[in-house]
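Listed below, chain by chain, are the residues.
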Amino acid sequence: MALHTDIPTRPELERLLTATADHCVSIYLPTHRVTQETHQDRLVLRDLTRQAVEQLEAAGADADAVADIEANLVHLAEGDDEGDDPAVEEFWANQAESLAIFASPGRFETHRLPNHLTAMVEVSDRFHITPLLRAVTFPHAAWILALSQGAVRLLEVGPSGAPVEVRVEDLPKDAWQSSGNKVVRAREGAYARRVDTALRTVLTGSDLPLILAASQPMAALYRSVNTYPHLVAEREHGNPETSTDAELADAARTILDEVYANQVAELAERFGDLSGQGRTATDASDLARLSTLGAVDTLLVDIDASVPGTIDDIGAVTLADAEGAGNYGVTDEIARRVLLAGGRVLAVRAEDIPQGGPLAGLLRFVV
């Protein structure tokens, strides 16, 4: 079953980051890929819609603005008056692991995400993007190139479920179709180049990892001609001629976990090195000021952290008792400012944050 995702591109993310309105609604909910189970997801969305409307009304939102936002959310959950809008039914039949919805007067967009996220609704004057960044940071989805002399196939794999074979135009069937050269290595080299060329029609524009399932020497030959920039380094696994697609997918998920864990570990080590140079920060007030100055190179933020409050134009923090329509959350705003200044933000779990706080920043220079 296909994992239907539409993770925002960098330009799309920047449009969300810079969007402001008197009232912006951000909704996240876990979803099911089995059509028969999406009825439950639609009920959750109806409840989150009710919560959003209550928050909007409590904040004194204009009745027309509330009606516009509510109408779009209700239509997505229920369809038309008869409940059978074909476009809505098709949408719910093609889901991933979670759904992000961003709504404001005159604006409505959705993103299907490969990560398991907690159901939540946020109302503010900007969109809540930290949970979305988890999908951007660690999509838990990948391509698998299953390559051998006798066959080749491209698989798409998500965090769970069966992988999906992707049809690729002009993909050779085997090494013998690629070249009439009787010299085996030359024939296999031509085969690898043709595979790489064919894959460009599918992979161009993607930033998902490509995991190679191939035995030697075919793996080394393919790596020598590969042009896709996100090929996972030196982690061949399985013989695609003797492994099922499900086995290849299970192995790929293990590799992805290792890749992500290594990224976080490398950042933690770098954080330790930079701490001695005065180029790190973990205090939210400090990071609010530093992110406003454009001094944060890399920010790690706890995906579940909640520090209610606001940050003014010079980076001063005003804390609040609870999140609501009058404030947007300090950690989320710091992440937004880092991204807009060209920095990198990784949304991680609490245990991955150096020194145990909700945030940790690696600085471009000493401030």
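Predicted model, so just to flag it, every value in this text is computed and none were measured.

Turning our attention to the pairing of strand E10 (residues 296-302). Two faces, one strand: in a regular strand the side chains alternate between the faces of the sheet. With six of seven residues buried, E10 is to be regarded as a mostly interior element. Taken together, the five bridges between E10 and strand E14 (residues 359-363) define a ladder with antiparallel strand orientation. Across the sheet, residue Thr298 finds its bridge partner in E14, namely Leu362. Here E10 runs beside strand E13 (residues 344-348); their pairing, made up of five bridges, is parallel. Paired with Thr298 across the two strands is Arg344, which belongs to E13.

Right, let's talk about the pattern of salt bridges for a bit. A complete count under the given rule lists 17 salt bridges for this structure. In this structure, Arg10 and Glu14 form a salt bridge, with 3.0 Å as the shortest nitrogen-oxygen distance. Residue Arg10 and its partner Glu14 are located together in helix H1 (residues 10-18), separated by four residues, close to a single helical turn. Here Glu14 falls in the partly exposed class, since its relative accessible area comes to 33%. A salt bridge links Glu109 to Arg107, with the shortest nitrogen-to-oxygen separation between them at 3.0 Å. Judged by its relative accessible area of 19%, Glu109 is buried. Overall, Arg107 belongs to the partly exposed group, its relative accessible area being 25%. Overlapping salt bridges, with partners in common, bring together Asp125, Arg126, Glu333, Arg336 and Arg337 in one network.

It is worth spelling out helix H4 (residues 86-93) at this point. Residues that lie three or four places apart on an α-helix share one face, since the helix turns once every 3.6 residues. Of all the residues in H4, the buried ones are Val88, Phe91 and Trp92. Viewed end-on, H4 has its buried residues packed into an arc of 90 degrees, placing them on one side of the element. Turned more than 90 degrees away from the buried face of H4 sit Pro86 and Glu90, all of them exposed. For H4, the N-terminal capping position is held by Asp85, with its side-chain oxygen 2.9 Å away from the main-chain nitrogen of Ala87.

Another aspect to go through is unusual backbone geometry. The peptide bond linking Gln216 to Pro217 adopts the cis configuration, its omega dihedral lying at 5 degrees. Backbone geometry at Gln355 places phi at a positive 70 degrees, although glycine is not the residue there. Checked against the element boundaries, Gln355 lands in the loop between E13 and E14. Relative accessible area serves as the criterion here: at 64%, Gln355 is assigned to the exposed category.

Here the focus is the environment of Ala284. With respect to the helices and strands, the residue Ala284 is situated in helix H10 (residues 284-293). For the pair Ala284 and Gly357, spaced 73 residues apart in sequence, the C-alpha to C-alpha distance is 8.9 Å. Ignoring any residue separated from it by four or fewer positions in sequence, one finds Ala284 in contact with Val317, Val330, Ile334 and Leu359.

In contact at an axis separation of 8 Å, H10 and helix H11 (residues 330-340) are set at 25 degrees when each is read in the N-to-C sense. Compared by their axis directions, H10 and H11 come out roughly parallel. The chirality of how H10 crosses H11 is left-handed. Across the interface between the two elements, Ala284, Leu287, Ala288, Ser291 and Thr292 from H10 touch Val330, Ile334, Arg337 and Val338 from H11. Per-class residue counts for the contact of H10 with H11 are six nonpolar, two polar and one charged.

Reading the values: rules and limits
Residues numbered from 1 in each chain as written. Predicted model: local features only at pLDDT ≥ 70, side-chain atom pairs only at ≥ 80, totals over all residues. Heavy atoms only, no water. Buried < 20%, exposed > 50% of the residue type's maximum accessible area, 1.4 Å probe, protein only. Helix = DSSP H or I, 4+ residues; strand = E, 2+ residues; numbered from the N terminus. Pairing = 2+ DSSP bridges. Salt bridge = Lys/Arg side-chain N within 4 Å of Asp/Glu carboxyl O. Arc of directions from axis to C-beta. Polar contact = N/O pair within 3.5 Å; in protein donor to acceptor, adjacent residues only side chain to side chain. Contact = heavy atoms within 4.5 Å. Axes fitted to C-alpha atoms, helices over the stretch in contact; angles between N-to-C directions. Parallel < 35°, antiparallel > 145°, perpendicular 65-115°, else oblique. Left-handed = near helix turned anticlockwise from the far one by under 90°. Nonpolar A, V, L, I, M, F, W, Y, C, P; charged D, E, K, R; others polar.

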